[in-house]
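Coordinate inspection notes
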Amino acid sequence: MKTNKNQLKEISKVIELEDNSCLVDLYGEHDENLIKLENNFGIHISYRGNILEFRGKNDPCLAASKLVLQIYKRLLEGEKINTEIFDNFSKKNDPYNPGKPNTVLIKTKRKNIFSRSLNQSKFVELIKSKDLVFGVGPAGTGKTYLAVACAMEALLKKDINKIILSRPAVEAGERLGFLPGDLKEKIDPYLRPLYDAMNDLLPEKTLEKYIENNTIEIAPLAFMRGRTLENAFIILDEAQNTSSMQMKMFLTRLGKNSRMVVVGDSTQIDLPRGEKSGLNEILEIMPKTKDIGLVHFKNKDITRHSLVTKIVKAYENKKKEIKK
C-alpha cells in the first residue's frame, strides 16, 4: 500500500476547547489520557489550559485531534467516558505511525508512568535490565524523572534497600560560601529537581519518612567519596558538570546488587573554561560491553512545552553557525 506524502509530513495542529468544565476528565489524572493518545498515535501533545497542540505526522495528528474533539463533545453532553477508550484506540497498524500501543512503564504509589517516546521506553527497559545506564540529551526529555521513578519502583518492590540521588554542586554564577544558611540550606537548591521528582511520585509523609530513616539519601556528589554502595539504586543527575576525577570516583562506587543511572546534557556544561566534562570523557572511553546501557535523547523526545523544543533547536543552530 502506497503512503501519501502528506501522511508523513510533520505538522502542528492546535485546537481550543471553549468549555473548561470537563478538561480534568478529558486529560485524565496526571494527563494519563493524553499520554495514552501520544503513545497510540506516535505524536506529541502539549497544552496550556484549554489550548492543545498536536505535533507529529500529519494524519495521526489530525486523527488524534478529531478524537479529542469527539470525546470532548460527549463529555459536554453529560456522558460518562470510560478511559479505556484511550487505551483501545490505536494507530499501530498504520504505515505512517512509528509509535507503539500504550503500556505502563513504571508503577509508583502515586501514579503510573507512561512512555511519551520510543527513547523513553528504551531508557526504562535498559534501567530494568542493566546495572549501569547512561541517559544523555537535552532538557525536558524526562531523563531524571524516569530514573527517579525506576528507583522508586525498585524500592517499593524491595529489589533494593536504598535510593541514593546525587548531583555535582557546581557554582553557576553564585558561590556557596556567599549564600545564606547552613550547609544543608546552601546545598538544597542544587538538589531541588530531585526533590521535585520525588514529591510527584510519593505521598509527602512517605517521602519524609524515607528521608528521615535514610532509605532515600539526597546528597551532593562530594559526599560519595570513599563509599561502596551495595543493595542500592544510585542516580547521578547533571553529570555533564562532573570533572574527570569525580566521574571516575562515582562510577567506582557501584557495589553488589546495585544499579546506577547517570543522566546529563552535554550542551549545558557549567564547569570552568578548559576543564573537560567527566560525562563527555566517559562516553568517549566507555568499555564496549553489553552490560552498560546508553540512550541518546533527541529534541523530538522533549515532553515539556512545545516552545522548549524550539528554544533548544535555536541554541543548537547558533552553535553550528559558530563552528562554521
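Here, the structure is the one placed above.
No experiment lies behind these values; they were computed from the predicted model shown.

1. Some remarks on the nonpolar core
- One finds Phe 123, Ile 216 and Phe 233 to be the most contacted residues of the largest nonpolar core, which totals 36 residues.
- Beyond its immediate chain neighbours, meaning those up to four positions away, Ile 216 contacts Met 152, Leu 155, Ile 163, Met 198, Leu 202, Leu 207, Tyr 210 and Ile 211.

2. So, the packing of aromatic side chains
- In the structure shown here, the tally under the stated rule is two aromatic pairs.
- Here the aromatic rings of Tyr 27 and Tyr 47 are separated by 4.5 Å at their centres, their planes lie at 40°, and the arrangement is tilted. On the criterion of sequence distance, the pair formed by Tyr 27 in helix H2 (residues 23-27) and Tyr 47 in strand S2 (residues 44-48) is long-range, its members being 20 residues apart.
- Exposure remark for Tyr 27: the relative accessible area of 6% places this residue in the buried category.
- Tyr 47 gets classed as partly exposed once you look at its relative accessible area, which sits at 34%.
- Pairing Phe 123 with Phe 297 gives two aromatic rings, centres 5.3 Å apart and planes at 80°, and the pair type is edge-to-face. In this pair, Phe 123 sits in helix H6 (residues 118-129) while Phe 297 sits in the loop between strand S11 (292-296) and helix H12 (306-323), placing the two residues 174 residues apart along the sequence.

3. Things to note about helix H9 (residues 204-212)
- Among all positions in H9, only Thr 206, Leu 207 and Tyr 210 are buried. For H9, the arc enclosing every buried residue in end-on projection is 100°, short of the 170-degree limit, so these residues lie on one face. Exposed residues pointing more than 90 degrees away from the buried face of H9 are listed as Glu 204, Lys 205, Lys 209 and Glu 212.
- One or two positions beyond H9, positive phi appears at Asn 214, with a value near 70°.

4. Observations concerning unusual backbone geometry
- The phi torsion at His 30 lies on the positive side, around 55°, for a residue other than glycine.
- The topology assignment puts His 30 in the loop between H2 and helix H3 (32-41).
- The class of His 30 is partly exposed, set by a relative accessible area of 34%.

5. Examining the pattern of salt bridges
- Tallying each qualifying case throughout the model produces nine salt bridges.
- Its salt-bridge partner being Arg 167, residue Glu 238 comes within 2.9 Å of it at the nearest N-O pair. Here Arg 167 lies in strand S7 (residues 162-167) and Glu 238 lies in the loop between strand S9 (232-236) and helix H10 (244-251), a separation of 71 residues in the sequence.
- Arg 167 gets classed as buried once you look at its relative accessible area, which sits at 10%.
- Between Arg 227 and Glu 217 there is a salt bridge, and its shortest N-O distance comes to 2.8 Å. Within this pair, whereas Arg 227 is found in the loop between strand S8 (216-220) and S9, its partner Glu 217 is found in strand S8, the two being separated by 10 residues in sequence.
- Using a relative accessible area of 24% as the deciding quantity, one classes Arg 227 as partly exposed.
- It is possible to trace a salt-bridge network through shared partners that takes in Lys 162, Glu 217 and Arg 227.

6. Things to note about the sheet that holds S11
- A sheet is described by the order of its strands in space; here six strands give the open sequence S8-S7-S9-S10-S6-S11, paired in parallel fashion. Among the strands making up the open sheet, the edge pair consists of S8 and S11. The sheet shows a mean angle of 15° between the axes of neighbouring strands, taken without regard to direction.
- Summarising the sheet, S7 and S8 pair through five bridges and their orientation is parallel. Each residue of the ladder has a partner; that of Leu 165, found in S8, is Ile 218.

About the thresholds
Residues numbered from 1 in each chain as written. Predicted model: local features only at pLDDT ≥ 70, side-chain atom pairs only at ≥ 80, totals over all residues. Heavy atoms only, no water. Core = buried A, V, L, I, M, F, W, Y, C linked by side-chain atoms within 4.5 Å. Buried < 20%, exposed > 50% of the residue type's maximum accessible area, 1.4 Å probe, protein only. Contact = heavy atoms within 4.5 Å. Phe/Tyr/Trp six-rings, centres within 6.5 Å; stacked < 30°, edge-to-face > 60°. Helix = DSSP H or I, 4+ residues; strand = E, 2+ residues; numbered from the N terminus. Arc of directions from axis to C-beta. Salt bridge = Lys/Arg side-chain N within 4 Å of Asp/Glu carboxyl O. Pairing = 2+ DSSP bridges. Axes fitted to C-alpha atoms, helices over the stretch in contact; angles between N-to-C directions.

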